[in-house]
Amino acid sequence: MTTTAVLVMVVSLLVVWGGLALSIWRLRRDTRQDADADADADADADADAGAGADAGTPGPSAPPPGGAPQP
Amino acid sequence: MSATPSDSPTPAGVHPGKGGSVEGHAPREQWSGQLGFVLAAIGSAVGLGNIWRFPGVAYENGGGAFLIPYLVALLTAGIPILLLDYSIGHRFRGSAPTAFRRLHRRAEPLGWFQVGVSCVIILYYTVIIAWSASYLVFSFTRAWGDDPGAFLETEYLQATKPGISLDVVPQVLVPLVLVWVVTIAILALGVQKGVERANKVFIPLLLVMFLGLVIRAVTLDGAMDGLNAFFTPDWSALSDPGVWIAAYSQIFFSLSIAFGIMITYSSYLKRRANLTSTGFVVGFANSSFELLAGIGVFAALGFMAFQTGVDVSEVENIAGVTLAFVAFPQIISMMPGGPVFGVLFFGSLTLAGLTSLLSILQVVSAAVQEKLGITPRQAALRIGGVAAVLSIALFSTTTALFLLDTMDKYINEVGVVGSAVVMTLVLGLVLRRLGEQRAHLNDRPGLRLGAWWSVLVGVVAPAVLAFMLVQGIRSLLGEPYEGYPWWFLNAFGWGVVGLALLVAVVMTALRWRRSPDDFTPAELSPRALRRATSAGPPSPVTRDRTPEQGEQR
């Protein structure tokens, strides 16, 4: 193989396979961040619910009246 | 049905007020997760064209230099249109006809035209998979003998001349029936248990087999000469507009865009799915496989040139049916351990074809399920049954090769490209809904799209595609394709395009068993919408449907 052909092959592989690797990394990072944000939002909601229950106001996750078990 | 209960809190399968609702409908099927969707989308994109079309197109259009227009086409048209498909399917939660109908009442025929195009492709795609499966078996004994070209035409296909034949070829009929049985069985299991599970097995297997093939190919004598021919750049090709059109065509036909597949697949994604980053993964995975195919194919062709004592540039049959079923059998016959190489090559071809076929069939199945209110199993059996009969009647005969060649040429160059032109123009210029679609994509985790996306999808892509369409139609009208008789080209070339149009008209006229209009699309957050539509006022539909509050998680 000529040097030019080798260079073109290496650059092509780097760009295309590198693009794939970068896309996968980005997708994984976004998914992780979204999951973290979900967990934070759930934690905030639980905290708010606890505060609401303390103040006598049933929160979204408080047990229904009569203490019926949650499905 | 295989909806994920945890993500389907209401009977409609969606979260009221945050992700679009379909009143009174059964829960919509869903992918089990992001991985299932990504693998299915890659399975759809990676098909026969990656293995037998890309290497030849690249070689004939500047070699290594072709990769520049190819990457430009990927980033300026391939991935942007892929994301447009995702945004339509995901936002309007339906197959192509349902999604377009929900986008605008009068846009439904476009969805059915895409279904019609898929119907035509299904008919001939199955027979190529059947041939590949046959050749996989032939590899063990090298049944093609010393002249694979003659074996293919006279012994295996028993090809006569362009026309209509009732002479059935048993050795094609049997694998064709088997391919249909396997495909219908997978489809009948539904999206999650059928299509997703099949892709989770087939795609890793395809990758392993193809990697094995490439590793073997590059270690053959003469492989470096083949790679040299493939990668040596002809920089002057970059000034040739034809090379750029070839690059856009390759990307466009290879990515499974604009004929309903990605609209249908993305409609099964969960509400908070990452659409943009997924699109880049699928786009680059498809190109990565194509590049790998280029290396494997040209290393093997280099070996064949070395063995026959000719230069790689003199090697014939470097693309399409003849590459797979003439050149590769020759290579397999010449090399030590040929049967193993044959199993790897034809196994890869069969798997790549099968995963793409499943996606095309799902377009038709989902559309009919939604229009007629039937289950996936009923749709698989009815559609699969009718398509199998037609496919077997047309393609197990002695005229299969000519029919396939003609139908493939016309339905791709006129049907698929025409559908893409109309879709991008309707979204961008007529309905002016690209801003909303961009807001929908940006409302989810993933890469943020700027105004550049709307420009690419609304201006660049339709301009290039319209040029391709006009050029394709002119060449088809100018001279008889491959010298086939005009009556044959009119009947099976323009005829199948007309058939797709007929499907659009008839199916649009049919009454919906379940109204597709009892649906509210996913709400767009005002912030994302403001950003996306800052170039112009939102459409009346957008104003009507924009909620006071942003979309909640």
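No experiment lies behind these values; they were computed from the predicted model shown.

On to empty space enclosed by the protein, then. Take a probe with the size of a water molecule and roll it over the atoms, and the empty space left behind shows itself. All names here are of chain B. Applying the stated rule across the entire model yields two cavities of 30 Å³ or more. Estimates place the volume of the second largest cavity at around 30 Å³. For the second largest cavity, the full set of lining residues is A73, A77, G78, I81, Y248, I251, F252, I257 and L465. Elements that contribute at least two residues to the lining of the second largest cavity include exactly α4 (67-92) and α11 (241-254). It is α4 that contributes the most residues to the lining of the second largest cavity, four residues altogether. Its residues placed into classes, the lining of the second largest cavity shows eight nonpolar, one polar and no charged.

Moving on, we get to the interface of chain A and chain B. Taken together, the contacts link 21 residues of chain A with 28 residues of chain B. A combined buried area of about 2100 Å² lies between chain A and chain B, and 74% of that area is made up of carbon and sulfur atoms. At the junction of chain A with chain B, the criterion picks out one salt bridge. Close ionic contact of A:D34 with B:R272 constitutes a salt bridge, the shortest N to O distance being 3.2 Å. Partitioning the side of chain A that touches chain B into residue classes produces 12 nonpolar, five polar and four charged.

This paragraph deals with the UniProt feature "transmembrane region" (unreviewed entry) in chain A. The feature "transmembrane region" (unreviewed entry), as annotated in UniProt, sits at residues 6-25 of chain A in this numbering. The distance separating the terminal C-alpha atoms of residues 6-25 of chain A is 27 Å; by composition the span is 100% helix and 0% strand.

A few words now on the packing of aromatic side chains. The geometry of an aromatic ring pair is captured by two quantities: the separation of the ring centres and the angle between the planes. All names here are of chain B. Considering all chains together, one arrives at 33 aromatic pairs over all chains under this definition. Ring geometry for W31 against Y268: centres 6.0 Å apart, planes inclined by 90°, an arrangement best described as edge-to-face. Placement of W31 in the loop between β1 (21-22) and α1 (34-45) and of Y268 in the loop between α12 (261-266) and α13 (276-308) is noted, with a sequence separation of 237 residues between them. Residue classification places W31 among the buried positions, given a relative accessible area of 1%.

The next subject is the packing of α4(B) against helix α17 (residues 400-430) of chain B. Residues and elements named next belong to chain B. Close contact between α4 and α17 brings their axes to 12 Å; oriented N to C, the two are set at 70°. Overall, the two elements α4 and α17 adopt an arrangement that is roughly perpendicular. The way α4 lies across α17 gives a crossing that is left-handed. On the side of α4, the interface is formed by I81, L84, D85 and I88, while α17 contributes M423, T424 and L427. Across the contact of α4 with α17, the residue classes tally to five nonpolar, one polar and one charged.

A word on the environment of B:G458. Inspection of the secondary structure assignment puts B:G458 in helix α19 (residues 451-478). For the pair B:G458 and B:G342, spaced 116 residues apart in the sequence, the C-alpha separation amounts to 44 Å.

Let us now look at the packing of α4(B) against α11(B). Residue and element names in this part refer to chain B. Running from N to C, α4 and α11 point in directions that differ by 55°, and their axes come no closer than 8 Å. As summarised for this structure, α4 and α11 are arranged oblique, according to the angle between their axes. Two packed elements cross with a definite hand, and for α4 against α11 that hand is right-handed. For the pair α4 and α11, contact is made by P69, Y70, V72, A73, L74, T76, A77 and G78 and by V243, W244, A247, Y248, Q250 and I251, respectively.

What follows covers α13(B). Residues and elements named next belong to chain B. Spanning 33 residues, α13 covers 48 Å between terminal C-alpha atoms, matching the ideal 48 Å at 1.5 Å per step. Where burial is concerned, most of α13 is hidden: 30 out of the 33 residues are buried. Backbone geometry just downstream of α13 places G309 in the positive-phi region, at approximately 70°.

Residues and elements named next belong to chain B. On the surface, a cluster of positive charge is made up of R448, R527, R530 and R531. With respect to the secondary-structure elements, R527 resides in helix α21 (residues 526-532). Its relative accessible area of 52% is what places R527 among the exposed residues.

With that out of the way, let us pick up the pattern of salt bridges. Counted by the stated rule, this structure contains 12 salt bridges over all chains. Its salt-bridge partner being A:D30, residue A:R26 comes within 3.3 Å of it at the nearest N-O pair. Of this pair, A:R26 and A:D30 both sit in helix α1 (residues 3-54), four residues apart, which is roughly one turn of the helix. A salt bridge links B:K200 to B:E196; its shortest N-O distance comes to 3.0 Å. With B:K200 and B:E196 both in helix α9 (residues 190-218), this residue pair falls four residues apart, about one helical turn.

Let us now look at the side chain of B:T126. All names here are of chain B. In this structure, T126 sits in helix α6 (residues 108-141). Classification of T126 by relative accessible area gives buried; the value is 0%. Reaching out from T126, the side chain makes a polar contact with the side chain of S391 at a distance of 3.1 Å.

Thresholds applied
Residues numbered from 1 in each chain as written. Chains lettered and ligands numbered in written order. Predicted model: local features only at pLDDT ≥ 70, side-chain atom pairs only at ≥ 80, totals over all residues. Heavy atoms only, no water. 1 Å grid on protein atoms, 1.4 Å probe; cavity = no way out; pocket = protein on both sides within 12 Å on 5 of 7 lines; lining within 4 Å. Points joined across faces, edges and corners; volume = space filled by probe spheres on them. Helix = DSSP H or I, 4+ residues; strand = E, 2+ residues; numbered from the N terminus. Nonpolar A, V, L, I, M, F, W, Y, C, P; charged D, E, K, R; others polar. Contact = heavy atoms within 4.5 Å. Buried area = accessible area lost by both parts, 1.4 Å probe. Salt bridge = Lys/Arg side-chain N within 4 Å of Asp/Glu carboxyl O. UniProt positions renumbered as here; feature names shortened; annotations may be inferred. Phe/Tyr/Trp six-rings, centres within 6.5 Å; stacked < 30°, edge-to-face > 60°. Buried < 20%, exposed > 50% of the residue type's maximum accessible area, 1.4 Å probe, protein only. Axes fitted to C-alpha atoms, helices over the stretch in contact; angles between N-to-C directions. Parallel < 35°, antiparallel > 145°, perpendicular 65-115°, else oblique. Left-handed = near helix turned anticlockwise from the far one by under 90°. Expected span 1.5 Å × (residues − 1). Patch = residues over 30% accessible without salt bridge, like charges linked within 9 Å, V, L, I, M, F, W, Y side chains within 5 Å. Areas by Shrake-Rupley, 256 points an atom, 1.4 Å probe, with all protein chains shown as cover. Lys, Arg positive; Asp, Glu negative; His and termini not counted. Charge placed at Lys NZ, Arg CZ, Asp CG, Glu CD. Polar contact = N/O pair within 3.5 Å; in protein donor to acceptor, adjacent residues only side chain to side chain.

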